[in-house]
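Observations on chain architecture
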Amino acid sequence: MAKKEVDDRFKRFGTVSFTAITKANDFISYLEKGKVMGTRCKECEAIYFPPRSDCSKCLQSNMEWFEVSGTGRLLSFSELKYGPVGFEEDLPYTIALLDYGDYKVFGRISKDLPYGDLTVGMELRTESTTLPNGQLSYVFKRP
Amino acid sequence: MEKVGIIGVGQSSFVRGYPGSIRELAFEGFKEAMEDAKIHTKDIGASIIASAPEYDKQRSPAGVIAEYLGLVPQPTFYIESICSSSSMALRVAYSMIKAGLHDVIAIVGFQKMSEISSGESQERMGRGADIQWESPFGTMMPAYYAMYAKAHMAEYGTGEEDLAKIRVKAATYGQINEKAVYRKPVTLEMFADPESTMSATVAKPLRVGDCCANADGSSCIIVASEEKAKALCDKPVWILGLGAASETVNMAGRDLLTGLKVAIEAGKQAYAMAGVTPKDIDVAEVHDCFTIAEMMAYENLGFAKPGEGKDLIGSKETYKEGSIPVNVDGGLLSKGHPIGATGGSQIRTIVLQLRGEAGEMQVKDPEIGLVHNIGGVGLYGNVTILGR
Ligand SMILES: [Zn+2]
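In short, a report on the structure. In this convention, every chain numbers its residues from 1, walking through the sequence in written order. Both sets of labels track the order of writing: A upward for chains, 1 upward for ligands. Side-chain atom pairs in this predicted model are given and counted only at pLDDT of 80 or more, local residue features only at pLDDT of at least 70, and totals for whole chains, interfaces and linings cover all residues. The side-chain quantities take in all heavy atoms of the structure and omit both hydrogens and water.

Residues and elements named next belong to chain B. Strand pairing is defined by DSSP finding a minimum of two bridges between the two strands. In DSSP terms, a helix is any run of H or I states spanning at least four residues, a strand is any run of E spanning at least two, and both are numbered starting from the N terminus. If you walk across this open sheet you meet the nine strands as 3-2-4-7-1-8-11-10-9, and the pairing is mixed. Each edge of the open sheet is held by one strand with a lone partner, namely strand 3 (76-79) and strand 9 (283-285). Pairs of neighbouring strands in the sheet enclose a mean axial angle of 25°, with direction left out of account. Where strand 1 (residues 4-11) and strand 8 (residues 237-246) come together, two bridges link them in antiparallel fashion. When the bridges of strand 8 are listed, I6 appears paired with V237. Docked against the sheet, helix 2 (residues 61-68) engages strand 2 (46-50), strand 3 and strand 4 (104-112), running at close to 130° with respect to strand 3. Between N-to-C directions, angles span 0 to 180 degrees; the directions come from axes that are lines fitted to C-alpha atoms, helices contributing only their stretch in contact. Residues count as neighbours in contact if any of their non-hydrogen atoms are within 4.5 Å of one another.

Moving on to unusual backbone geometry. Peptide bonds are mostly trans, and most non-glycine residues show a negative phi. Residues A:L91 and A:P92 are joined by a peptide bond in cis, for which omega reads -10°. Following the sequence through the fold, A:P92 ends up in the loop between strand 4 (71-80) and strand 5 (93-99). Looking along the chain, the bond that leaves B:V72 and enters B:P73 is cis, with omega of 15°. Within the secondary structure, B:P73 is located in the loop between helix 2 and strand 3. Positive phi, close to 60°, is recorded for B:K316, a residue that is not glycine. Following the sequence through the fold, B:K316 ends up in the loop between helix 11 (309-314) and helix 12 (331-334).

Residues and elements named next belong to chain A. With respect to burial, strand 1 (residues 37-41) is a largely interior element, four of its five residues being buried. Taken together, the five bridges between strand 1 and strand 3 (residues 63-67) define a ladder with antiparallel strand orientation. Counted as the bridge partner of G38 is F66 from strand 3. In the sheet, strand 1 pairs with strand 2 (residues 47-48) via two bridges, with the strands oriented antiparallel. Note on strand 2: the bridge partner recorded for R40 is I47. Relative accessibility decides the category of a residue: with a 1.4 Å probe and only protein chains considered, values under 20% of the type maximum give buried, values over 50% give exposed, and everything between is partly exposed.

Written out as structure tokens, the structure is:
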């Protein structure tokens, strides 16, 4: 009897993933295709980023994917000089939060955008990326 | 309405590398609180043990600790809301006493952070955030609070030196608190001196001096029904108000980055329950895990208007002699932050202040005190108001 395949795509998210299995695993396949996706509830139109599989507004689980597109406003950011175990190779790096109006996106600033060039309120876009260790993620870049 | 009183408080010294096990550490805070309350273990109806899991190999620490403290066969259980665990345990104890289940309850908070390395500790604390969507980016507590600092600076023009002033104040009192882990002075010059460790960047704009000291420690608060408290204790301190709230784990779910909504909400609840306003608070303990956290607490609790926290610390109003003394025991910054023990230690400080037993740290004749205790990055918030 063939062994049942385990869908553990999410272990590929970020420098170190702490989650392997989630109903939102398609997020990873979209990243592979260069797309950063959130979810929208088909029942009540609630919008979610990070994507959710279940709607907390109407308690239904009927979601569709939408692409994070255009630019978001940089709400805040911080450059880390120390990192957790497993992230030493990435240092220094800058985490940030973008406001897209209907939703916000938390992530990292692209390495080619120097910390000194960042200001709260500037517009940035979100782009998928493959990390040096082969993992998949997304970064914030200039429009 | 029946009141609930605090009849005994205790804490261990907050130290680096406690030379004992978690049950022995818990014993230190418990023994001091029992001697303070002058009661016997048989007087205690139940115990609640509070800490953040993952630091210990021991699964379900409540049983082991209750046995070591001589609190078997009374019921015991574990409460966890990261750094606000012992305040949350106080909330639960309050409700159990009000419900009439028990008339005396011991709340024992503890944390032996030195069980694991500093890097592992940061990684575990980072996992108090959203492990699915945020931890893969390499997040850590200081970096999250640094984002709040950056947003506060952008919105209100708060400066790095305004934050440093909060650490200077903390160190002023850490020096005179014999239970503090960091007993040395900190000056603004140290923040400006590239040779000083205080000035080293952790996560911009926060520096080493802006971050609390990890420590091992335990605390214990003994609460009792009004009848028992009056019978057992000469100077009971009453729980006047309790507030608690939660916030989204993921930063993407938050719409305020210049303050903590849990503190605003929990504060509102506690003020309403106690029937007091921020002006009535004579002494406060706030959760200064980072300097920016104390700055936001001033504003979220109504001690200062949003953006005016810098003026409050600038004019030294939060010093012992000021209009609203805050963290005059050294705070988490200098006294230390053994996660599960922190809330109990804050409550102990306010109880000693209200009894007039705070020694060198005593503020002048306080009647009402407040404790602000936050779990995670504004994930859980507890505000407790105490009175004589
Ligand atoms: Zn819905």
